[in-house]
Structures are given as C-alpha cells and as structure tokens.
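# Descriptive analysis of the structure
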Amino acid sequence: MSAAVWNKLKELEKPSLAQIFAADPDRLDTYATGFELGEEDNSCAILFDWSKTHLDAAHVAAFEELAEAMDFSGRRTALFAGEIVNPTEGRAAEHTAQRGVGKEESVALAAECHHRMAAIVEAIHRGAMGEVKHLIHIGIGGSALGPALAVDALAREGAMVDVHVVSNIDGCALEQAFAACDPATTMLAVASKTFTTIETMTNAESALAWLREGGVDDPFGRVVALTASPEKAMEWGVDETRILPFSESVGGRYSLWSSIGFPVAMALGWPDFAELLAGAAAMDVHFRDSDGMANLPLRAAFADQYYTRLRGCQTRAVFAYDERLALLPDYLQQLEMESNGKSVKADGSPVDGPTAPITWGGVGTDAQHAVFQLLHQGTNLVPVDFIAAIVPGHDLALDHHRILLSNCFAQGAALMAGKESDDPARAYPGDRPSATILLDEVSPVTFGALIAFHEHRTFANAVLMGINPFDQFGVELGKAIAKQIEQGGTTFDPSTEALLKRAGIA
Ligand code: F6P
C-alpha cells in the first residue's frame, strides 16, 4: 500500500519553486502558519513558513495518502496513549506526559516527580542547602544537550545559579568548569538515565574529588542525582532525598522535560520551567489534534521526506540566526540522527529508502561567511531551516538585529531566486528550498514549543518511513569495544592495534 503511494509520489511532476509560486498566488495562506501561544491579550506566536519548499497540492495530497497508509493517526494515538511504541525495547515513549499530555497515570506520575523537583529547586534557591552559586551539571548526550541548550537560550539575562554543563570524558571539559566555580558554593547534578554511563560516572567521581580537595567534608551532600535508575544512584552514594527520578519510558534525547531539566529550573526558577513545559504541551495538543497538512510537524515531515526520498538529499541544515540558539543544531543532530538513523523498519525488515539525512548547521550570520558557498552553488541540494526571533536578545542600540534578520531572510530569498550570469562562476542556480521558523521572541514558552515541534517532526518522519525512532542500538558496539580496549586482553585489527601501541594504551 505505501509502496504504491511512493510510486505515485515518484511519478508526480516536480515543478520549480518559481512555478509553484506562480501557480498558487495564495501560497502563503496555506504554507506559512502562525502558532499562537499564551493568553489572548498576551499572545505569543511562532510562524512556521514552509512556503519556500517544493511541497505543492499534488505532493501534499499524496503525502497525506502515505500518512494514512502508514497509519499515522493510529501510531500517534499509541504514542499519546502510552502504548509500546518502542517495540525493540518493549517501552512506551512518554515524554509528552512530562508536559501533562498523555496517559492519565503517566501524567500523574510525572506531576508527582515535578512536584518533588520544584520543592528541591525552591529549597535550594531559598538557601536550604547553604549558599549555592554554581551548579556543575554532569551528563552526556540526551542528559546534557537539552539542559545546555535551554540554559544558553533562556538564562542569559542573569541566571539564578551559574550553570556549567560538562559532558565529555576529556578532563579539559571538567577542568574548565572547575576554573569557573568555587567548591564552597558549588552543587553537582549527576544526570544519567541509566546511571551507568562511563563518561558521566567518571566525571562525577572527579567532581566529588574536586569538592573534597576544595574543603567540602561531605561532597555527596552536594549531589543531586537525576535518573530513571534511583537504586543505582543510591548504590553510588547519593542520599535518597536528593534523587530526582523520572520514568523509564522517557527516552534520553526526549528527557529535557523530566528531572534532567533540573539545571534549567535552577537557572531560571520553577515558574519559567513550568512555562517551558506549557509551551511544549501546546505543541503536543496541536500535534495530537490536527490532521494532514494542518499538522505543523507532519507538514515539515512531508517536506523532509520529499527531499530525502524524492530528491536524494543526504543532509539537511539548520541555521539559527540567534546566538541564544547556537546549540540548537547540535541538539537537533542527536534528536534526529539518533532517532531516525536506521536501516531497518520497526518490524526488522530492511527500509525501502534512505532514512534520516545528516543534520548539520550553525549560527547566522557566521555561517554565511563560512559554508553558504556550498548551499548556493555546490552540487548538493541541501534543504535549509532558518530559525530567528523578532525581538532581539540584547539591548544594543545600533542596527544589529535589523541586519541579522535582513541577512536571514535574504538567504532564503537568494537560495530560491538564484541569479543568472554570463559568467558561470557567478551564476546561482536558485530553486533551492528553505523553511523559516520565526519566533516572536525567545522565551520559555516559545522555546518549549519549538523543541516539541522538532520531537514530533522526528516521530512523524519515523512513522512515514515505518521505523522505530525510540531505540539507539547503533551506539552500543563502539562502547563495548572501548570497554574491551580498556580491560585489555583482546586483539583487534592491525590498524587499531598500531594506534593503541602508538598511544601507549596496548
Ligand atoms: O550512548 C547514547 C546514549 O544512550 C543516549 O541515548 C543517551 O542520551 C546518552 O547515551 C546518555 O545516557 P544516560 O543518560 O543513561 O547516561
């Protein structure tokens, strides 16, 4: 059934962006949609503008047929109902329950965990754990990227606590945090869903040693554990009262909303963290209740599938024209590539075509002066997302923000229009796609909606391809070999053996 729809999609005419705009003068009404958030008199919107993509009525109709063939609405119901949507691990994926949208029992459990987390955050802010000026948050992957991004995006105007997120096992990362903190006023958050990750546990041990050497008599008394394995945190030495648990059914890269968001609440205060959850919940409700093309994450997934499977695009780029969102491409890289970088479908059979493209990107305008040459004139077709905010994040009086936004919009226009020239080196082919996500402002509520939009876009892509976005077995083999190397006694290929010998590890 889905093969027939793909055949139909492959046979459809592929008009250029210029032809598409000429054929549909009201295109913006359909493909650029405002998403309202908040109270009516204090409404805050995000514009999702997919008008500069090659989606047209014929493609949208066929993709809607594909969504039906892939039982999109059934898969989505299963997601929100807390059913097993991660069959290889026998788990649900209940990140939306953290935001109050999902199975009743899971929503209640998440609320209980948040209640406990809010109490601890507020107690620390009140001084119940002594003076706390710094928080070193230790975690990796999904246990670090979300908090790092959210703190960087939202806590620039005076954080309540100075947060340092340390992920890498390279000691340089931890030393950098130590240099910026005073052991006498520093707390540690050890964030690990499994509480077994070698990088996190090693960094946590070193941080405890640093506290001890810095004169802290009871370093464990400064630790808060954020985990779905509370018993392991207790075994390691954390007092039960300072363990903030979350449910096993929340995936690592979807865990910002759980106690993994502790540093965000510490930096912003609980009310702002609650706003972040509310923004995500508004997107959850939209995703749950809208159908076909009107569903913003699904619409984005239609375009993603168009470029990956019908136009052979191997990458997609994300450029945040906002310093506060500089870490967003990194965050999306894990979300999309760890979720959908698969070669088999959920039932174990081989996929019918390419899966997740390589997500990459950077910050504008810097990237314009570095990599945009390839986007405009290179041989690869790269769909681009531009993300910007109307209200600047700074108070500088000069034209900084006008110049920033002018450049952002100019790039999308240039990619689409191109430019003819008698000199081939100076010609731009044009007809290159982009989408623009324009936030009224970068605030907890818009940020929450923006991240939830991408989570649902990733899920929608997985459903259209028939894959399970919630496991990540591809990361395990390298971990296992690293362990063998560390333990010694295993012989590897000649190339690896030579490297180990040269580095003095063998
Ligand atoms: O190695 C990949 C991974 O399992 C990610 O999926 C996860 O976010 C990260 O490691 C950290 O895992 P944990 O939170 O269990 O320490």
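- Per an unreviewed UniProt entry, the protein chain goes by the name Glucose-6-phosphate isomerase and belongs to Novosphingobium mangrovi.
- Taken from UniProt, the Function (unreviewed entry) comment for the protein chain reads in full: "Catalyzes the reversible isomerization of glucose-6-phosphate to fructose-6-phosphate."
- One UniProt comment on the protein chain, placed under Subcellular location (unreviewed entry), says "Cytoplasm".

### Quick notes on the site of the ligand
- Near the ligand you find 14 residues, and of these G141, G142, S192, T197 and G252 are the closest.
- Along the lines of polarity and charge, the residues of the shell around the ligand split into two nonpolar, nine polar and three charged.

### A look at the sheet that holds strand β11 (residues 434-439)
- What the six strands build is an open sheet, ordered β1-β2-β11-β10-β8-β9; its pairing is mixed. Across the chains shown, the open sheet's two edge strands, defined by having one partner strand only, are β1 (32-37) and β9 (358-363). In this sheet, neighbouring strand axes are inclined to one another by 15° on average, regardless of whether the strands run parallel or antiparallel.
- Sheet analysis places strand β10 (residues 384-389) next to β11, joined by six bridges and oriented parallel. Across the sheet, residue A388 finds its bridge partner in β11, namely L438.
- Against the sheet, helix α15 (residues 328-340) touches β8 (315-320), β9 and β10, its axis set at about 170° to β9.
- Where helix α17 (residues 400-417) meets the sheet, it contacts β10 and β11, and its direction lies at approximately 160° from that of β10.

### Examining α17
- With 18 residues, α17 ought to run about 26 Å at 1.5 Å a step, and its terminal C-alpha atoms sit 26 Å apart, in line with that.
- When we look at burial in α17, the residues that qualify are C408, Q411, G412 and L415. Down the axis, α17 shows its buried residues gathered within 90° of arc, on one side only. Among the exposed residues of α17, those pointing more than 90 degrees away from its buried face are R402, I403, A410 and A413.
- For α17, the elements touching its buried residues are α16 (372-377), β10 and β11.

### Some remarks on the sheet that holds strand β6 (residues 223-227)
- What the five strands build is an open sheet, ordered β4-β3-β5-β6-β7; its pairing is parallel. A single partner strand is all that each edge strand has here, and the edge strands are β4 (162-166) and β7 (243-245). The sheet shows a mean angle of 20° between the axes of neighbouring strands, direction not considered.
- Against the sheet, helix α7 (residues 104-126) engages β6 and β7, with an angle of about 150° to β7.

### Details of the nonpolar core
- One finds A189 and A449 to be the most contacted residues of the largest nonpolar core, which totals 133 residues.
- For A449, the contacting residues outside a window of four places in its chain are F35, L37, I46, G279, A280, A282 and M283.

### A look at the UniProt feature "active site" (unreviewed entry) in the protein chain
- What UniProt calls "active site" (unreviewed entry) maps, in this numbering, to E338, H369 and K479. For the annotated residues, spread through 142 residues, the largest C-alpha to C-alpha distance comes to 37.0 Å, inconsistent with a single compact locus.
- Take K479: it is sitting in helix α19 (residues 476-487).
- The exposure class of K479 is exposed, given the 10 C-beta atoms found within 10 Å.

### Some points on the packing of α15 against helix α18 (residues 444-465)
- Where α15 meets α18, the axes come as close as 10 Å, and the angle between the chain directions of the two elements is 20°. Relative to α18, the element α15 lies roughly parallel. When the axes of α15 and α18 are compared, the crossing they make is right-handed. Contacts from L332, L335, E336, S339 and N340 of α15 reach α18 at H454, E455, T458, N461 and A462.

### Some points on α19
- Its twelve residues give α19 an end-to-end C-alpha distance of 17 Å, which sits within 8% of 16 Å, the value for a rise of 1.5 Å per residue.
- Buried residues are scarce in α19, accounting for zero of its twelve residues.
- Following α19 by one or two positions, G488 has its phi on the positive side, about 75°.

About the cut-offs
- Residues numbered from 1 in each chain as written.
- Predicted model: local features only at pLDDT ≥ 70, side-chain atom pairs only at ≥ 80, totals over all residues.
- UniProt positions renumbered as here; feature names shortened; annotations may be inferred.
- Near = placed C-beta within 6 Å.
- Nonpolar A, V, L, I, M, F, W, Y, C, P; charged D, E, K, R; others polar.
- Pairing = 2+ DSSP bridges.
- Helix = DSSP H or I, 4+ residues; strand = E, 2+ residues; numbered from the N terminus.
- Axes fitted to C-alpha atoms, helices over the stretch in contact; angles between N-to-C directions.
- Contact = placed C-beta atoms within 7 Å.
- Expected span 1.5 Å × (residues − 1).
- Buried ≥ 20, exposed ≤ 12 C-beta atoms within 10 Å, placed from the backbone.
- Arc of directions from axis to C-beta.
- Core = buried A, V, L, I, M, F, W, Y, C linked by C-beta atoms within 7 Å.
- Parallel < 35°, antiparallel > 145°, perpendicular 65-115°, else oblique.
- Left-handed = near helix turned anticlockwise from the far one by under 90°.

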